[in-house]
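Spelled out from the first residue to the last, the chains are:
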Amino acid sequence: MPGVSPGYSGPERPALADLDLCTRCGLCEQACPTYRLLGFEPDSPRGRIFLMKQVALGEAEINQHLADHLYRCLGCRACETVCPAGVPFGRLLEYGRFQVEQHRDLAPHSKGWMIFRQLAFRLVLPRRWLFRALMWPSRAIASVPGFAAAFDTLPRGNRLRRLVDMLPRRDKHVEPSASAMPPVTPAIGRRRAVVGLLLGCVMDSLFRHTHEATVRVLARNGCDVRVPTGQWCCGALNVHAGERAIAKDLARANIDAFGRAPLDAIIVNSAGCGAVMKEYGELLKDDSEYAQPALAFAARVKDVTEFLAETSLVSGFAKLPIAVTYQDACHLVHGQGISHQPRALLQAIPGLRYIELRNASQCCGAAGVYSLTHPHLAQAILDEKIEAVLETSADVVATANPGCSMQLQAGLAQRGSRMRVRHVVEILDEAYAARSR
Amino acid sequence: MLNLPFAADLRKHTGSRPRVRPDECARYSVGGCTPKLVFSPHNAREAARIVSALRQEGAAVIIRGAGTAQWRPPPPVSIDAVLDMTRCDGIVEYAPADLTVTVGAGTKFSDLQSALRAQGQFFPCDPSHAAEGTIGGILSGRRDGALRQRFGALRDNVLGMHVSLSDGSTAFSGARVVKSVAGYDIPKLFVGARGTLGAIADVTLKVAPLPQAEAGLVATFERLEPACQAALDVASSPLFPSATTLHDARSAHRVRSLGGGLHDGHAWMLVLRLGGTRGAIARQADGITRICKAASAAAASGVRIEMVAQAQVQHAWADIAELACGAAYSPATVAGMKVISQPSHVAAVMARALSLGPDTECTAHPAVGLTFVHVRADAHVSTAAPSGLRAFANACEAHGWSVEFLFAPPQIGEHLLPALPLRAPIALMRKLKAAFDPSGTFDPGRFLGGI
Amino acid sequence: MQEALIQRLRSAVGHEHVTARPDDLRNYAYDGSIDRAAPEAVVFPADAAQVAAVVRACEELRCPYVARGAGTGLSGGAIAEFGGVLISTARMRRILDIDAANRTALVEPGVVNAHISAAVATLGLRFVPDPSSQSACTIGGNVAENAGGLHCLAYGVTSNHVLGCEIVTPQGEIVWLGGRENETAGYDLLGVFIGSEGTLGIATKIAVKLTPQPETTRTLLAVFDSVDDASKAVSDIIAAGIIPAALEMMDRLSTQAIEAYVHAGFPTDAGAILIADVDGLQESVGETAAAIGDVCRRDGAREVRLAKDEAERERIWRGRKSAFGAMGRFSPSYYVQDGVIPRTKLPEVLAEVEAIGRRYGLLIANVFHAGDGNIHPLIAFDEKVPAQVDAAIAAGADILRACVARGGSISGEHGIGIEKRDCMNVQYAPSDLALMAKLKAVFNPGGLCNPAKMFPTSRRCGESARTLQRADLPEGIAPAAGPAF
C-alpha cells in the first residue's frame, strides 16, 4: 500500500524493550492453545514474538505471514502467566495487530469476513441503537421458549444451529425483567460501598439476566449499584483486532460516563471487558486530555468476582446441592491474574460441591470473534475443553465471561449434554434467592 | 596366530617383559586354554603399546582381571596373549566430599570397598566374587547385583574411564565429576563389553554414603506367584528397599546365615534388604509385611515373615551376591545362565527354568527382572545338556526373554554360543567392534553374535 | 534446495506436512540457545516409517538433516547450521503404552517431559528427570541431550531412566537399542545414543522407566550471607552422608530476578539461597530435613525454613525453574554456562566467575545444581551489540576453562552442540576425540545427520563463533561434486 512503510510506523508499535524481554526459552509453548494444537512454531507465543521482533529490528517486513500468525492467536494470554521474563504478550499482540491493520492489503481473512468485520467493528459496535436492533432476533430466540428447539432439527455442524446453540439459556426461576436496568439500586442493609456497573454490548443484549443477578448480589452485599447512562461497549473487540481508533472513542465515552459519579469501584462481570478497561491507561497514554482520567478509571475497575471476594460476603445463602466446576476465563486468569477468587466464592456456598476442572485455565476457544474467524481451530480447542468439562460430571459449569459462556453452551449442546453454563454471580444469586423463597 | 620368536621383539617395542614360561602362563589360562604370553602392564599407555604390538603380529588377546569369569562360554579356541590388568591397580584419587573415586581397573573390588568404608561410603554394587574380583572385570562383565534396585546399575555409576585400544592409543571419555554430557558417553560401551573393545585402565566411579542403618526382611511363601507379586508391589510402592532377591528352595539353602532355608512347605524365600534411618526401616518393614500378607492372602496361600538384624543381613548378602552371577564353576556344574525379562515375567521364567530338571536352582532379582539359573547335575553331565540348554534359551526367546550363558565347563560351553536376541541391532554392534578393534585382536568370536 | 528432494519429502510425509516457505523457516532458525540458522525445509513426520523415508531421501540426495523437538535446547543442538531439512517431532506426541506393573511407559519423542509424569500420576508413579524446561521440552530432546534436572543428585539423569529407544539410523533403518527390560545383551548402544545430540540417529519411540512417587517431600530453604558459606554447607551436607533429592543454590542477582517474577518469598538481600528437597518416607524425611537445617545453621545460615505446604513448595520450585527466563528482566540476552566442578571447589570457582565478569564488564548471575557441582553462570549481554556478544562468549569460555582446570566438565546437562564445541579440546585430548569420531562414523558415516555438532572446528575456544546464518557444509561432509542445493 502506498505511503505505508514495510516496518512499523507511528508510536503505537510493539516496543523493542518488551520484545527484548523474551529469551526464547520456550516455556510458553505448551501454554499456547494454537501451538498445542498445531505444533507449528509460527503459531506459538515465542514464534510470534520472534516475528514481531524481526520487523522491529528491520530483519523482516510486515507481511502476510506476520498477519496470519498474529491473527491466528486467540489472545488468551496464557503465555503471560507462564513467562518467567514477564513478556507483556497481550500488549505486543495488540500493537502488532494494530500495525498489521495499517496494511489493509494484508487482511488476514477472506473478503466476506473483512466486509463483515468492517461493518461490525466500525459501523455497528460504536452505535448502540444499531447493535441492539440487530441483536433483536437473537434475544427473541433466547427468550422465547421453544424457539431454540426449532433449530434442533438442523444438523449438528450447521452454522446457524451453532449460532443458536451459543445463545445463553436462562434459568427458569430467574427470569429477567423486561424493563431497562434501574439507574440506581440501593444497598440492602448497611451501605458499604457505591459501585457502578458496566453493561457493555453483548452482555447487555444477551446476558441481561447476568446483570440483574450481579445487581442483586451486590445490593445484598451492601452496595449502592449505579448504572450510569452514556456508557457503552468497552472496546475490547476493537483493541484485540488492532482497531485502536474506535476503541479509544469508546474508552473516552465510558470514562466520561463513569467519571461523573463518585464510585468506589467500577464493576465488570465480563472478563474480556474488565481486562481491557484495566488497560485504558495504556490505550490512552498519548491522549493529553484523557491520559490521567484513564489511569484513574482503570484503577477503579474490578471484576465482580474480584470485588466480592475482597469484601467479606454477607451470609444468608441457602443450601445449593449442586455440583459445580469452573472454567477460567482467559482474560480473568491470564489477563487480570484472578483465579482463586471465583473459586472461593463458589466454595462459600453451602451444599455446593466444587469440582476442579482439568486444565481449567486453558482457553475454551471462544476468544472474542475467534470462533467466527477461525471456526475449525476454535472447534478443535472447544472439543478438548468439553471433554474435560464432561469428565467432571458437574451439574453446572461456571465461568465469568460471555464469550466463554456462549462457547461452552454451544459445545455442550453439540454433545447433547444437559450441563448448564452459568456466570459465577448467577450461582451466588441463586443461593441467596433460594433462601428468600 | 602368534609366533613365539616375536616375544623378544615385543619386549623391545613395548618395554614390557612378558611371561613366557608355560607353567607361569598356565596360571593365566581362560576356560582351560593357556596363553603363550602374559603381559602385566602398569598403566594405560603401557597396555596400549603392548596391544598395538600384538595386534601387528595378528595375535588374539584376552584381557584378564582376577580370572573369576574365565568359565564363560564359549571357551576360547586358542589364546596368544593375556593382558593381565591386575597391576593397573590402586586408588588414583578419592574425594569423599565429591562422592567420586578414581581407581585402576585391576584394583580388587574388596580393597576399594574397604577404602571407601573407612570414609563412611561405598560403591553401591554387590557383584559375585566380591572378594577377589577386580573393578575392571566386574564392569566388563556387567556383574550387577540386586542393590541396583535402589542405587542404580553399574553403568549408572561409572562416570569416566581411560581405555587402551588396539591401535596403540589411549582415550579418556566421560568425566571425573558426578555429571557430564560433554561428548559421547563411551564408558557405557565398555561396561558389559567383556573386554572386546579395548582394555579399561582406570575408571571414575560415583560412590554413595553408607546407609545410616540396615536390616533385612525374609518372607517365605508357599507359592511362587504371590512371592513375585509381593516383590512387584513393593517395587511400585514408595517404600524403596535397597534390594530384593527371590530364591527357590535350593537357592535358599545356600544362604546359610538365614537359617539354612525353608520349612513346612514354604518353598520360596523373598529377601528384602532395607536401609535408611531407623524410623524409615521400621516403616519399610511394616509396609512390606503388609504387602506380602496381602499378596499371599489374594492367592489363598501362606507366608511367614521374619525380620533380620543388620549384621545378619550383611553377612547373608555375601552368600546372596554369589548366587546372582553364579558360584564358581565346579565339575558338578552344567551351566549358569542369566535370563532377562520384564519384572512381571519373573515367575514364569523361574517356573520354566525349574522344569529343566531336578538339579536346577533359581535366584531372581524380581524387581529388576533378572533370573539366574544354575543347572547342576552331579551324576549326569551328558552330551545332551547343550541341546537342552539351547532349547531352553530358544523357548525364552519366544517369550521375549533373553538368555546369557554365564559359565559352563569347556566341554559343554563350546556348544553354547551366545544367543542372539531377536531385536538386537547386531549389524551396528559388528560395525562398532570393527571401528574400535578393526583387527579383531580382543577376544575374537566369543561375544554376542560371534563378535 | 533441490526440487527433487522437496518432492521426496512430500511423498514421505504428505504434502501438507512439509514447508519450504522462507517465512515459515524463519521461525525454525532458533532454539533456546544464542545460535541461529534457518533450515531449507521443515518436515513433520507422523511415525518412524516417515522419519526413515525422510532420512533416506536426505542421505540419497546428500542433504544435511537435523531433528527438533520443542526447540528449548541451550547448546544449539537443533539448529540447522547448514540449512537442509529440519525434522520436527511435533506430530509424534502420543503416549503409546503405560505398563504400571513393570513401571515403564512407551512414548513418542514429541511427548512433553512433564506430560509423562502427569499421565502416570494417578498410578503413584512419575518420570524422574525434570529439567527446568520440563513443561515445554520433549522427551526426544531429553534423550538427545541426556538432560538432567533438579533431582539428578539422588535420581540420576535421563540415561538412568530410559530403557530403550527405537531409532532411525542415518542409513534409514529402524532399529531398537535396548528394550523395555532393565538390561540388554551385547554392547550398550543405548548408553551412547543417549546424549549423542542427534548425531547418531533420530529416536522415534522411547521406553522410559517410571519411579514410584515418594510418600512425602519436604522443601527446605536456607538463607546465607555469602556464597562461600552456602557452598560449605553443601559440602558438609554430603559429608554428613545425606543425599537430598535436590540441592540447589542461587546467588543474589538471580534471586532478585526470580523474585521479581514469582514472588517465591526469596529474600533479595541474601548472598546465597540454598534449596533442598528431601523425599521418602515420613519417618525419615523430617529427621533428614532437620539434619540439613542443622548443618546450614552451623555453617552460618541466617534463616532456615521448611515450606509449610504444597503451595509454598511449588512456589519455591517454580521460582528456581524460572531462573533462566527471568534473566530477561535484567538484560535482552543471556548466555548460560553449564560447567561442572567437584563440588568441594565451588567457592574458588565462583570467585573466579565473579572475577571473569569484572574482567569483561559483564553481569553474571549464578544458579546451580550445587549438589552435583553443576554451575549455571548466566552472563547478561545485549545481542544487538556485537562487542558484548564477543565478550560474553569469551567470558563463557574462560569459565569453562576454569571448570576443566579443576578436573571438571564443560557441560553437565545442556550439551555441546554448536555453542561449546570449540571448547571440547580444552577437556579432551586429540586421541579422546578420535575415539568419539570413530563411534560417530559407526552410526553416521556420511556425517549428514546433525552435521558438525559436538566436535571442535578450527576455531579456538572462546573465539567469537556465534552462528547467525546458514553456513556451507564443512569439508568431508559436502559431496565432492559440490553442494546438492
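Structure shown above.
Description of the structure in this document. (Residues numbered from 1 in each chain as written. Chains lettered and ligands numbered in written order. Predicted model: local features only at pLDDT ≥ 70, side-chain atom pairs only at ≥ 80, totals over all residues. Heavy atoms only, no water.)

**Some remarks on the state of the cysteines**
Residue and element names in this part refer to chain C.
Step number 1: With the rule as written, the count across this model stands at one disulfide over all chains.
Step number 2: A sulfur-sulfur separation of 2.1 Å characterises the disulfide bridge that pairs Cys 423 with Cys 461. Disulfide Cys 423-Cys 461: torsion about the S-S bond near 80 degrees, hence right-handed. Taken as a pair, Cys 423 in the loop between helix 14 (386-405) and helix 15 (424-427) and Cys 461 in the segment after helix 16 (430-443) lie far apart in primary sequence, 38 residues in all.
Step number 3: On the basis of relative accessible area, Cys 461 is assigned to the buried category, the value being 6%.
Step number 4: Between Cys 403, a cysteine without a disulfide, and Cys 423, which holds the nearest cysteine sulfur, the sulfur-to-sulfur distance is 11 Å.
Step number 5: We classify Cys 403 as buried; its relative accessible area is 0%. (Disulfide = S-S within 2.5 Å. Helix = DSSP H or I, 4+ residues; strand = E, 2+ residues; numbered from the N terminus. Buried < 20%, exposed > 50% of the residue type's maximum accessible area, 1.4 Å probe, protein only.)

**Considering helix 6 (residues 89-101) of chain A**
Residue and element names in this part refer to chain A.
Step number 1: The terminal C-alpha atoms of helix 6 lie 18 Å apart, and with 13 residues this matches the ideal 18 Å at 1.5 Å per residue to within 8%.
Step number 2: Counting buried residues in helix 6 gives twelve out of 13 residues, a clear majority hidden from the surface.
Step number 3: Looking only at helix 6, the buried set comprises Phe 89, Gly 90, Leu 92, Leu 93, Glu 94, Tyr 95, Gly 96, Arg 97, Phe 98, Gln 99, Val 100 and Glu 101. (Expected span 1.5 Å × (residues − 1).)

**Examining the pattern of salt bridges**
Step number 1: Scanning all chains against the criterion turns up 79 salt bridges over all chains.
Step number 2: For Glu 24 of chain B, the salt bridge identified is with Arg 19 of chain B, shortest N-O distance 3.8 Å.
Step number 3: Since its relative accessible area comes to 18%, Arg 19 of chain B is described here as buried.
Step number 4: Between Glu 108 of chain C and Arg 94 of chain C there is a salt bridge, and its shortest N-O distance comes to 2.8 Å. Of this pair, Glu 108 of chain C sits in the loop between strand 6 (104-107) and helix 4 (113-120) while Arg 94 of chain C is found in the loop between strand 4 (85-88) and strand 5 (95-99), placing the two residues 14 residues apart along the sequence.
Step number 5: The exposure class assigned to Arg 94 of chain C is partly exposed, which follows from its relative accessible area of 48%.
Step number 6: Connected through shared salt-bridge partners, Asp 20, Arg 24 and Lys 53 of chain A together with Asp 382, Glu 383 and Lys 384 of chain C make up one network. (Salt bridge = Lys/Arg side-chain N within 4 Å of Asp/Glu carboxyl O.)

**Looking at the sheet that holds strand 14 (residues 303-308) of chain B**
All names here are of chain B.
Step number 1: With antiparallel pairing, the eight strands of this open sheet are ordered in space as 14-11-13-12-16-17-15-18. With partners counted over all chains shown, the strands left at the sheet margins are strand 14 and strand 18 (402-407), one partner each. Direction aside, neighbouring strands of the sheet carry axes that sit 20 degrees apart on average.
Step number 2: Looking at chain direction, strand 12 (residues 243-247) and strand 13 (residues 268-276) are connected through five bridges and run antiparallel. Across the sheet, Leu 246 pairs through a bridge with Leu 270, a residue of strand 13.
Step number 3: Strands strand 12, strand 13, strand 15 (333-340), strand 16 (360-365) and strand 17 (370-376) of the sheet are contacted by helix 12 (residues 346-354), whose axis makes an angle of about 165 degrees with strand 16. (Pairing = 2+ DSSP bridges. Axes fitted to C-alpha atoms, helices over the stretch in contact; angles between N-to-C directions. Contact = heavy atoms within 4.5 Å.)

**Some details on the interface of chain C and chain B**
Step number 1: Contact with chain C, which involves 83 residues of that partner, is made by 72 residues of chain B.
Step number 2: Here chain C meets chain B over a buried area of about 6,500 Å², counting both sides, of which 58% is carbon and sulfur.
Step number 3: When residues of chain C are sorted by the area they lose upon contact with chain B, Glu 183, Tyr 187 and Leu 435 of chain C head the list and together hold 14% of the total.
Step number 4: Our enumeration of links across chain C and chain B arrives at eight salt bridges.
Step number 5: Note that Glu 283 of chain C is salt-bridged to Arg 283 of chain B, the shortest N-O span being 3.0 Å.
Step number 6: Taken together, the connections running from chain C to chain B amount to 29 residue pairs in polar contact (both at pLDDT 80 or more).
Step number 7: Top contributing element to the side of chain C that touches chain B by residue count: helix 16 of chain C, with nine residues.
Step number 8: Looking at side-chain class alone, the side of chain C that touches chain B contains 33 nonpolar, 33 polar and 17 charged residues. (Buried area = accessible area lost by both parts, 1.4 Å probe. Polar contact = N/O pair within 3.5 Å; in protein donor to acceptor, adjacent residues only side chain to side chain. Nonpolar A, V, L, I, M, F, W, Y, C, P; charged D, E, K, R; others polar.)

**Some thoughts on the interface of chain C and chain A**
Step number 1: With 39 residues of chain C at the interface, the matching set in chain A holds 36 residues.
Step number 2: Carbon and sulfur atoms supply 48% of the area buried between chain C and chain A, which totals about 2,900 Å² over both sides.
Step number 3: The largest share of the area that chain C buries against chain A comes from Arg 26, Asn 27 and Tyr 30 of chain C, three residues that together contribute 21% of it.
Step number 4: Our count for the contact surface shared by chain C and chain A stands at five salt bridges.
Step number 5: The tally of links from chain C across to chain A stands at 13 residue pairs in polar contact (both at pLDDT 80 or more).
Step number 6: Looking at the side of chain C that touches chain A, the elements that each hand over two or more residues are helix 2 (22-26), helix 11 (310-321) and helix 12 (323-326) of chain C.
Step number 7: The element contributing the most residues to the side of chain C that touches chain A is helix 2 of chain C, with three residues.

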